[in-house]
Amino acid sequence: MKIVVLIKQVPDTYGERRLTPQGLVDRDASDAIIDEISERALEVALQQKDADKGTEVVVLSMGPDAVTASLRKALSMGADSAVHVLDDSLSGSDTGLTAATLAAAVRSIDGVDLIVAGDASTDGRGGVIPAMVAEHLGIPCLAAVDGLQIGSTVSGTQPTESGTRQVHAGLPAIVSITESAPEARFPNFKGIMTAKRKPLSVLSLSDLGVDSGFPGLARSVVVTATERPARAAGRKVIDEGSAVDELVEFLAAERLI
Ligand SMILES: Cc1cc2nc3c(=O)[nH]c(=O)nc-3n(C[C@H](O)[C@H](O)[C@H](O)COP(=O)(O)OP(=O)(O)OC[C@H]3O[C@@H](n4cnc5c(N)ncnc54)[C@H](O)[C@@H]3O)c2cc1C
């Protein structure tokens, strides 16, 4: 079985996260790390490889130069090979271009049975890429699945507003996992040493035959970005006998009651 894991590099949530005045992610504002949910997606694939040694795990990421470090980390954790889609014209990509590019990259990999992704990234938080990639590839998508079972089909549980439902799909398919998936393993020394020799291919948009230009993929772009205004000081209500009335008046004025 060949599993492709979609790995997104994101700004570390422990650092400051900012946009540039042009609306791009300010990559100098914090460290770049593999998104935790992507690491869990990789762990799901690696556990399948542990259980079935014939499983091959390919990690795929689209992003700037710095993504190489995240892909090397994924290789040191146990992935077999990596694909990096790197192209200046991807800067400022919207979800449409991101999904079309990732789908083209998956198509460039022979014999993919399963694609595993996170359900939503911690920076963009769109939660749409797996379904959009599925649409491009014309394959089923099991979104936000807990307790993933991988065999000749894939199955799992999806939470709904009123309970849970069991879902399954034939292969090839794409699944997105949730934070209930197991935490990722740490790379060990042997993994770190062998990662350097594992294949990492870098593909451009022309290698993939993707046209990033408008209106090819009807791209939306950020035109301006405005920083959120600083929070105004809160109002303190001191109880001198009329606090309840003041609170009710305040909540009504704010349309909270
Ligand atoms: C109009 C518009 C303009 C934008 N401009 C910018 C910009 O200037 N700069 C910028 O950094 N972002 C920009 N974005 C955000 C960017 O489009 C998203 O970060 C990207 O499409 C991924 O979406 P997401 O993070 O919401 O993914 P989600 O759907 O939340 O991610 C789910 C899963 O998909 C996979 N995945 C997502 N992205 C990747 C990836 N790149 N490589 C591999 N796997 C991936 C991961 O497994 C992830 O866990 C813009 C978005 C819009 C709508």
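This one's a predicted model, so the numbers in the text were calculated from it and none came from an experiment.

Thoughts on the nonpolar core
- Judged by nonpolar contacts, the single largest core of 35 residues is most densely connected at Val 5, Leu 42, Val 59, Leu 148, Val 154 and Ile 177.
- Counting residues per element, this core draws most heavily on helix α1 (residues 36-51), which supplies six residues.
- For Val 59, the residues in contact, after removing those within four places along its chain, are Val 5, Ile 7, Leu 42, Leu 71, Ala 74, Ala 79, Ser 81, Ala 82 and Val 83.

Structural notes on the site of the ligand
- Neighbouring the ligand are 32 residues, the closest being Lys 8, Ser 93, Ser 121, Gly 126 and Gly 127.
- Within the backbone of Ile 129, an N or O atom sits 2.9 Å from an oxygen atom of the ligand.
- Relative to its free-state accessible area of 940 Å², the ligand is covered by the protein chains to the extent of 85%.
- Elements represented by at least two residues in the shell around the ligand include exactly α1, β4 (56-62), α3 (95-107), β6 (114-118) and α4 (129-137).
- For the shell around the ligand, a count of residues per class yields 14 nonpolar, 13 polar and five charged.

Some words on the UniProt feature "domain: Electron transfer flavoprotein alpha/beta-subunit N-terminal" (unreviewed entry) in the chain
- With numbering matched to this structure, UniProt assigns "domain: Electron transfer flavoprotein alpha/beta-subunit N-terminal" (unreviewed entry) to residues 22-212.
- From the first C-alpha to the last, residues 22-212 spans 19 Å; its make-up is 31% helix and 28% strand.

Quick notes on unusual backbone geometry
- The step from Leu 171 to Pro 172 runs through a cis peptide bond, and the omega angle for that step is 0°.
- Locating Pro 172 in the fold gives a position in the loop between β9 (164-170) and β10 (173-177).
- A positive phi angle is found at Arg 125, which is not glycine, with a value near 55°.
- You can see Arg 125 is positioned in the loop between β6 and α4.

Focus: the environment of Ala 41
- Within the secondary structure, Ala 41 sits in helix α1.
- A C-alpha to C-alpha distance of 7.5 Å links Ala 41 and Ala 181, two positions 140 residues apart in sequence.
- Setting aside its immediate chain neighbours within four residues, Ala 41 contacts Val 5, Val 116, Ala 117, Gly 118 and Ile 177.

Some thoughts on the sheet that holds β6
- Strand order in the open sheet made by the nine strands is β9-β8-β7-β10-β6-β1-β4-β5-β11, with mixed pairing throughout. The sheet is open, and its two edges are formed by β9 and β11 (200-203), each paired on a single side. On average, adjacent strands in this sheet sit at an angle of 35° to one another, irrespective of strand direction.
- In this sheet, β9 lies alongside strand β8 (residues 153-159) in antiparallel orientation, the contact comprising seven bridges. Counterpart to Gly 156 in the pairing with β9 is Val 167.
- The sheet contacts of α1 involve β1 (2-6), β4, β6, β7 (141-150) and β10, and relative to β1 the element is tilted by about 170°.
- The strands touched by α4 within the sheet are β6, β7 and β10, with β10 carrying the most contacts at an inclination of about 180°.

Re the packing of α1 against helix α2 (residues 67-77)
- Closest axis-to-axis distance for the α1/α2 pair is 11 Å, and the angle between their directions is 30°. By the criterion of interaxial angle, the relationship of α1 to α2 is roughly parallel. As α1 packs across α2, the resulting crossing turns out to be right-handed. Contacts between α1 and α2 involve Glu 39, Leu 42 and Leu 46 from the first element and Lys 73, Ala 74 and Met 77 from the second.
- Partitioned by chemical class, the residues of the contact of α1 with α2 number four nonpolar, no polar and two charged.

Overview of the environment of Pro 140
- Of note, Pro 140 is situated in the loop between α4 and β7.
- Residues Pro 140 and Arg 17, spaced 123 residues apart in sequence, show a C-alpha to C-alpha distance of 34 Å.
- Dropping the residues within four chain positions of it, Pro 140 is found in contact with Ala 134, Ala 169, Gly 170, Pro 172, Ala 173 and Ile 174.

Definitions and limits used
Residues numbered from 1 in each chain as written. Predicted model: local features only at pLDDT ≥ 70, side-chain atom pairs only at ≥ 80, totals over all residues. Heavy atoms only, no water. Core = buried A, V, L, I, M, F, W, Y, C linked by side-chain atoms within 4.5 Å. Buried < 20%, exposed > 50% of the residue type's maximum accessible area, 1.4 Å probe, protein only. Helix = DSSP H or I, 4+ residues; strand = E, 2+ residues; numbered from the N terminus. Contact = heavy atoms within 4.5 Å. Near = heavy atom within 4 Å. Polar contact = N/O pair within 3.5 Å; in protein donor to acceptor, adjacent residues only side chain to side chain. Areas by Shrake-Rupley, 256 points an atom, 1.4 Å probe, with all protein chains shown as cover. Nonpolar A, V, L, I, M, F, W, Y, C, P; charged D, E, K, R; others polar. UniProt positions renumbered as here; feature names shortened; annotations may be inferred. Pairing = 2+ DSSP bridges. Axes fitted to C-alpha atoms, helices over the stretch in contact; angles between N-to-C directions. Parallel < 35°, antiparallel > 145°, perpendicular 65-115°, else oblique. Left-handed = near helix turned anticlockwise from the far one by under 90°.

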